[in-house]
Amino acid sequence: MTVISPATATAAVTPSAEADVCTPLPVLGRDVRVPLVTGGEVTYAALDYAASAPALQRVWDDVAAYAPYYGSVHRGAGYLSQLSTDLFEQSRATVAEFLGCRPDDEVIFTRSTTDSLNLLASVLPAGTQVYVFDTEHHASLLPWQRAEGAQVTWLAAPRTPEQAVAALDVALHGAPKGPKLVCVTGASNVTGEVWPVRKLAAAAHRHGARIVLDAAQLAPHHPVDIAALDVDWVAFSGHKLYAPFGAGVLAGRPDWLREAEPYLAGGGATRKVARRADGTLDVEWHTSVAARHEAGSPNVIGAYAIAAACRALTEAGFDRLVARERQLLGRLREGLAGIPEVRVLSLFGEHSERVGVLSFVVQGWNSSHFAAALSAEYGIGVRDGLFCAHPLVRTLLDAEPDEPGACGAPDAAPGERALNAIRVSFGAGTPDEHITRFLAAVTTLVRTGAQWTYRTENGRCVPAR
Ligand code: PLP
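What this report covers is the structure whose coordinates are included nearby.

Along the chain, the position of serine 112 falls in the loop between strand 4 (106–110) and helix 4 (113–122). Residue serine 112 is classed as buried on the basis of its relative accessible area of 16%. Within polar-contact distance, the side chain of serine 112 engages the backbone nitrogen of threonine 114 at 3.4 Å. Non-local contacts of serine 112, meaning those with residues more than four positions away in its chain, are made with Phe236, Ser237, Ala247 and Gly248.

In structure tokens:
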């Protein structure tokens, strides 16, 4: 086991206890150079962490140290299979600790947040009433209506955290008897605004409902403590938590998961399969929650990478990372506030708590055009569009529901409403210089326009050659 000890693999990149609070964590790709359409090249500024964050160097090193020892999980007699099985189960324990799980909580490795929430939707008891704000990412908005027998109530966008709690309270007060589930995001993938999770959980529990936290955007930016928040489940994705190896997590209460049919039918989820005399199959499913819902060969590298990220963030001092991110966010917001043509999108208002995710529109610009110019002329990677949260972005832009969010739409004339937005997002690996460069680029684009011409190709704005 010594060969894959995180300490031996990554001592060189692990920050010491005395490390400067403002030192970004080393990530892969930090020195990558990209060409500019205007000539020359620059170091790439990755400011799209909310989509997928770069891998922490520490995660990469841990995975590389383990890779030669990779083997099958839960199904091999050989040494490497046993070692991989041990590491897979240790990874589960590391994630449980990272999330502050209660003793009876279960951690299930999935493919992503989307997969985790679809898994939870598949185990809802018959007749579950589901409550979800229409401001959610599609991954937490959509799985419930496909759940058999579930009734979904979509709550309208609240304009303050207090309104969110009050709206949920009212909805649950009038709810019919029976199982109830509330699904809420921890931090918006559009505005970065933090939702009042603890208060929503208290409201849910007051009315006998359960609550699942979509922590896809919260977990990379802020410690998530399932017991302290008193939520029933938490879902997040490895690729947003600096561990891009195709795994995600659903953690929380075991009972609904234990009582439901397995999410996937197949090897690993069964205890016994036998032919009956009448030719049908007699299947005995695992009662162990993780085995029951992790059919097929598990993604051990993905799980191990997530555990490595949990260790890295914890050892770096999550509070210090939060403090540093706040500083960067403060600089970013201050800089954008100084450009009158920029409108930052917000549901909860200027003083709401936020993580390092921010969306905006620029007067007179199509957002896709603006994002394309940031990339092609400045080597800055952001995202444009509706961010898989169409109802929320349309609410924030005050756009009609049936208007297309076409990336290649023409530039909006001054005074016209934008149809989509630009999102800038960052995290533990972002150097100050990326925020400085971003603000300078936005200012120049707004003041002097794009230097290049752009055209629409397959719905996206790209530089015309
Ligand atoms: N929830 C939120 C808030 C997100 O931002 C995302 C992805 O952007 C998801 C869920 C879905 O995550 P994944 O694509 O990893 O399943």
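So much for the structure itself; the text now carries on.
This brings us to the sheet that holds strand 8 (residues 210–214). Strand pairing in a sheet is mediated by backbone hydrogen bonds. Such pairs are either parallel or antiparallel. The seven strands are arranged 4-10-9-8-7-5-6 in an open sheet whose pairing can be described as mixed. Edge positions in the open sheet fall to strand 4 and strand 6 (151–155), since each of these has one partner strand only. Shown here is a sheet whose adjacent strand axes are inclined to one another by a mean of 20°, direction ignored. Of the strand pairs in this sheet, strand 5 (residues 129–133) and strand 6 are connected by five bridges, and their pairing is parallel. Within strand 6, the position partnered with valine 130 by the bridge is valine 152. Its contacts with the sheet place helix 4 against strand 4, strand 7 (180–185), strand 8, strand 9 (233–237) and strand 10 (248–252), and it is angled at close to 150° to strand 9.

Among the structural elements, arginine 275 can be located in strand 11 (residues 270–275). By relative accessible area, which is 65% here, arginine 275 ends up exposed. Here arginine 275 is in contact with Thr280 and Leu281, once residues within four sequence places are set aside. Of the polar contacts made by the side chain of arginine 275, one reaches the backbone oxygen of glycine 279; its length is 3.3 Å.

Rules used throughout
- Residues numbered from 1 in each chain as written.
- Predicted model: local features only at pLDDT ≥ 70, side-chain atom pairs only at ≥ 80, totals over all residues.
- Heavy atoms only, no water.
- Helix = DSSP H or I, 4+ residues; strand = E, 2+ residues; numbered from the N terminus.
- Buried < 20%, exposed > 50% of the residue type's maximum accessible area, 1.4 Å probe, protein only.
- Polar contact = N/O pair within 3.5 Å; in protein donor to acceptor, adjacent residues only side chain to side chain.
- Contact = heavy atoms within 4.5 Å.
- Pairing = 2+ DSSP bridges.
- Axes fitted to C-alpha atoms, helices over the stretch in contact; angles between N-to-C directions.

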